[in-house]
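# Coordinates in review
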Amino acid sequence: MTEPRSGLATEFGSAQDSPGLGLWQVTNRWQAAQRAALKPLGLTHVQFVLLASLTYLDDAGPVTQKQLADHTACDVMMTSQVLRTLEERGLVTREPHPSDRRARALVATPDGRALANRAVAVVEACDRAFFAPLGADVPGFNALLRRLVAQG
C-alpha cells in the first residue's frame, strides 16, 4: 500500500490505475449508451436482456424463471419483477411447465420475439459504435470479459 494521497489509503498511485474504477466508468458510459439506444423501443436495458435471452433460450424448449435468471446473471427477484412488466405488455407469457408442476414455462410472445429482434439490432449497433475505439482488440477484450464471467 502506498502512502495515502488526500487521505485515501490505496495501493494505486493514480485512480486511473484501478481496474475496478475503470470498469465502473466504462460500465456507466456503456449503460447510458444502451439506455439511449433502447428508449425509442420502450425497453429498459434489463428488459431487453431478459426478453432477448428468453427469445434465444426458448428455441431449445421450456425456460423457467430460474434458468433465465442464471443465464443472464440477474437476481431472481428482479427477474420476476421485470418479467411481470413484460407480461403486462404482452411480450411474455407464463404457461404451465410440461415436466415440473411447480415451475412456469416462460415464452416470448410473437410481439415479444419481434421486439427482441428489433432491439438486438439496435443494441448490437450501439455496441459496435461504443467499442469501435478498441478496433482489432475487441475479440481479445471480449475474451478477457468471458474469463471474468467464467470466474463467477
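A quick note: this is a predicted structure, and the numbers were derived from the prediction, not measured.

## Observations regarding the packing of helix α2 (residues 45-57) against helix α5 (residues 110-131)
- It is the contact of α2 with α5, at a shortest axis distance of 9 Å, that shows an interaxial angle of 115°. When you trace α2 past α5, the crossing you get is left-handed. Here F48, L51, A52 and T55 of α2 come into contact with α5, specifically with G112, R113, L115, A116, A119, V120 and V123.

## Remarks on the nonpolar core
- In terms of nonpolar packing, the biggest core is built from 22 residues, with L51 and L86 touching the most fellow members.
- Broken down by secondary-structure element, the contributors of at least two residues to this core are α2, α4 (76-88), β2 (104-108) and α5.
- No other element matches α2, which puts 5 residues into this core.
- In contact with L86, not counting residues within four places along its chain, are L43, Q47, L51, L91 and V92.

Definitions and cut-offs
Residues numbered from 1 in each chain as written. Predicted model: local features only at pLDDT ≥ 70, side-chain atom pairs only at ≥ 80, totals over all residues. Heavy atoms only, no water. Axes fitted to C-alpha atoms, helices over the stretch in contact; angles between N-to-C directions. Helix = DSSP H or I, 4+ residues; strand = E, 2+ residues; numbered from the N terminus. Left-handed = near helix turned anticlockwise from the far one by under 90°. Contact = heavy atoms within 4.5 Å. Core = buried A, V, L, I, M, F, W, Y, C linked by side-chain atoms within 4.5 Å. Buried < 20%, exposed > 50% of the residue type's maximum accessible area, 1.4 Å probe, protein only.

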